[in-house]
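Structural characterization, general
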Amino acid sequence: MLQRLEHLLGIEDLTREQISFILDQAKPFQEFQRHPLKKLATLRGKTVALAFFENSTRTRISFATAAARLGADTMNLQAEASSLKKGESLLDTVRTLEAMRPDGIVIRHSSSGAPEFVADRLGVPIVNAGDGTHEHPTQALLDALTIRDRKGKLEGWNLTILGDVLHSRVARSNIHLLSKFGVRITLCGPAMWMPRELETLAPNVRRVTRIEEALDSADVIIALRVQTERLHEPALAAEEYILRYQLTPQRLQLARPGALVLHPGPMIRGLEIDGAVADGPQSCVLEQVTNGLAIRMALLYHLVGGAAVEPPPPSKT
Amino acid sequence: MRVVEKRQLLSAEEISRTLQRLAHEIVEKSGGTKDLALIGVRRRGAPLSERLAKTVKDFSGVEIPVGTIDITLYRDDLSTVGPQPVVHSNEISFSVDDRDLVIVDDVLYTGRTIRAAMNGLFDLGRPKRIRLCVLIDRGHREMPIEATFIGNSVQTSDTEIVEVHLKEIDGDERVVLVDRVP
């Protein structure tokens, strides 16, 4: 029925059935977040290493909380505090982690493909918590869970992704996931952030530079974070971005009634999104955070709790 | 290893009659229905608890709350080989605080399932009392757990299996004793 997952490296290679299974398995963990006593012993004695080679607050806290609520212990590795600054290679760092015998490693890295590189060489389940501009699979899963809960299903909606699609792993994972469910995807932002290649990521993806056109008939809108360091003269000033692309209450009116607004956070009010939209009834940003816990608990339960993965032969370096 | 049916323990009619008696016993020994609630252990405890509640309503007019608990996350035998068991949601729409709870399950065997169910209930609050109702008690306990309300006690060997078939889940309705033979 379901091909067993050993790692979660990305959405692209998952089947629709595997995705639905993960979303279904998050349901009991959503209910669990409402328990007065939020502590299970299910993964007692297991250790999850959180290897964050790139800054992260919310994703790291979400994984740490998910592990804690399942009863697992966590080992924390943060780039600033590690030997990376002393020039240690990624492989040496994760091998050191592995020697402490964790039962799973959650990894975030600024290089695309780093989690896969590690998964190929260690005998421990690996969860990708974001790699370069490649994928951020748990974000796409929690977005899908949020959309499915609010709208009853995933199939057939019109999705608009606004902002810096080029540099966004969140956008890529969402495109891979939702296109598997027949969602029609419109990417919208300044032309410099929307190369033609994005249309080849999945079927039913189109690029639009005018936000009014992109929002027309949208059922779900994902506003991406815009990194201010990427907004500068002469290419594009922040003021111009706000003028042309900010998701405002007036622009939201162009979408279908009751269209959902998602944002992966951290959100910069007044830049990519107007505060009234972020706090409005169509906004799902806080549900996304709670659903993130449920998705991560479901994944850790299935990946870390199950059988040990046989380590590959040591020759591969 | 083959599985052979040795004998039928209960017919559909006997299951029905047993549940009638258990429903009456629960209300009688509770001194009424005040604070009473039933918690069915997924899967076959769930339809059994629904049927008990319906019987109570038929003879007393009182609708007692019914919930379902999934014990997967509370098991003590999570696999170290092969995939993890699928988790299901609890369906308990009332607060268990200060409730007089009766856990309902089909077969009482080692007692480990009931230990897990109680752990799950403690995460939801602090019940006033927890008792246990089972359709079949087959012995071989590995925990200090006994049922307050027992449909039938059956002597079994540890290679035997008590199979409860309920129409809601299995399509047919009967309890059989099967054995594993080499």
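All figures in this text were calculated on a predicted structure; none of them were measured in a lab.

1. Observations concerning the interface of chain B and chain A
How large an interface is tends to be reported as the accessible area lost when its parts come together. Taken together, the contacts link 17 residues of chain B with 15 residues of chain A. Classifying every residue of the side of chain B that touches chain A by side-chain character gives 7 nonpolar, 8 polar and 2 charged.

2. Details of the nonpolar core
Residues and elements named next belong to chain A. In this structure, Ala51, Val220, Ile221 and Leu300 are the most contacted members of the largest nonpolar core, which totals 139 residues. The greatest single-element share of this core, amounting to 10 residues, is contributed by helix H11 (residues 285–304). Structurally, this core is a two-domain feature, drawing no fewer than three residues from each of domain 1 (16–135 + 290–304) and domain 2 (137–289). Residues within four places of alanine 51 in sequence aside, it is in contact with Leu77, Val94, Leu97, Ile105, Val106 and Ile107.

3. Examining the sheet that holds strand S5 (residues 158–162) of chain A
All names here are of chain A. Taken together, the 5 strands give an open sheet; going across it, the order is S7-S6-S5-S8-S9, and neighbouring strands pair in parallel fashion. Two strands close off the open sheet at either side, each with one partner strand: strand S7 (205–208) and strand S9 (260–262). Averaged over all pairs of adjacent strands, the angle between their axes in this sheet comes to 20°, without regard to strand direction. One ladder, built from 3 bridges, connects strand S8 (residues 220–223) with S9; its direction is parallel. Bridge assignment links valine 220 to a residue of S9, and that residue is leucine 260.

4. Some remarks on the environment of A:Arg244
Residues and elements named next belong to chain A. Of note, arginine 244 is situated in helix H8 (residues 238–245). Of the residues examined, arginine 244 has 14 C-beta atoms within 10 Å and is grouped as partly exposed. Along the sequence, arginine 244 and serine 56 sit 188 residues apart, while their C-alpha atoms lie 29 Å from each other.

5. Brief notes about the domain arrangement of chain A
Residue and element names in this part refer to chain A. One can read the domain layout of chain A as domain 1 (16–135 + 290–304) and domain 2 (137–289). Using only C-alpha atoms to locate each centre, domain 1 and domain 2 end up separated by 26 Å. Every contact between the two is made by 21 residues of domain 1 and, on the other side, 20 residues of domain 2. Residue contributions to the side of domain 1 that touches domain 2 peak at 7 residues, all from H11. Taken together, the residues that form the side of domain 1 that touches domain 2 break down as 8 nonpolar, 8 polar and 5 charged.

6. Side note on the packing of helix H5 (residues 137–151) of chain A against H11(A)
Residue and element names in this part refer to chain A. Relative to each other, H5 and H11 sit at 120°, their axes nearing to 8 Å. With respect to the hand of their crossing, H5 and H11 are arranged in right-handed fashion. For the pair H5 and H11, contact is made by Thr138, Leu141, Leu142, Asp143, Leu145 and Thr146 and by Glu287, Gln288, Asn291, Gly292, Ala294, Ile295, Arg296 and Leu299, respectively.

7. Thoughts on the sheet that holds strand S5 (residues 129–137) of chain B
The pairing of strands in a sheet happens through backbone hydrogen bonds and is either parallel or antiparallel. All names here are of chain B. Taken in spatial order, the 5 strands of this open sheet run S3-S2-S4-S5-S6, and their pairing is parallel. Every interior strand has two partners, whereas the edge strands, strand S3 (66–69) and strand S6 (149–153), have only one. Strand after strand, the sheet turns through a mean of 25° between neighbouring axes, direction not considered. Sheet topology note: the strand S2 (residues 36–41)/strand S4 (residues 100–108) ladder contains 5 bridges and is parallel. Bridge pairing in S4 places glycine 40 opposite valine 104. Contacts from helix H1 (residues 12–29) reach S4, S5 and S6, with the element oriented near 150° to S6. In the packing of helix H3 (residues 112–122) onto the sheet, the strands contacted are S2, S3, S4 and S5, and the crossing angle to S4 comes to about 150°.

Cut-offs applied
Numbering of residues begins from 1 in every chain and follows the order in which that chain's sequence is written. Each chain takes a letter, starting from A, and each ligand takes a number, starting from 1, following the order in which they are written. For a predicted model such as this one, the threshold for reporting local features is a pLDDT of at least 70, and the threshold for listing and counting side-chain atom pairs is 80 or more; totals across whole chains, interfaces and linings nevertheless cover every residue. What counts as a contact is two residues whose backbone-derived C-beta atoms lie within 7 Å of each other. Charged residues are taken to be Asp, Glu, Lys and Arg, nonpolar residues to be Ala, Val, Leu, Ile, Met, Phe, Trp, Tyr, Cys and Pro, and polar residues to be all remaining types, Gly included. Each nonpolar core consists of buried Ala, Val, Leu, Ile, Met, Phe, Trp, Tyr and Cys residues. Their C-beta atoms, within 7 Å, join them into a set. Field definition: a residue is buried when 20 or more other C-beta atoms are found within 10 Å of its C-beta, exposed when 12 or fewer are, and partly exposed for counts in between, with C-beta atoms placed from the backbone. Only runs of H or I of at least four residues qualify as helices and only runs of E of at least two qualify as strands under DSSP, and these elements are numbered from the N terminus. For the domains described, the bounds stem from an automatic or database domain assignment. Note on pairing: DSSP must find at least two bridges between two strands before they are called paired. For every element, the axis is a line fit to its C-alpha atoms; helices are fit only across the contacting stretch, and the angle between N-to-C directions ranges from 0 to 180 degrees. The crossing is said to be left-handed when, going from far helix to near helix, the turn is anticlockwise and less than a right angle, and right-handed when the turn is clockwise.

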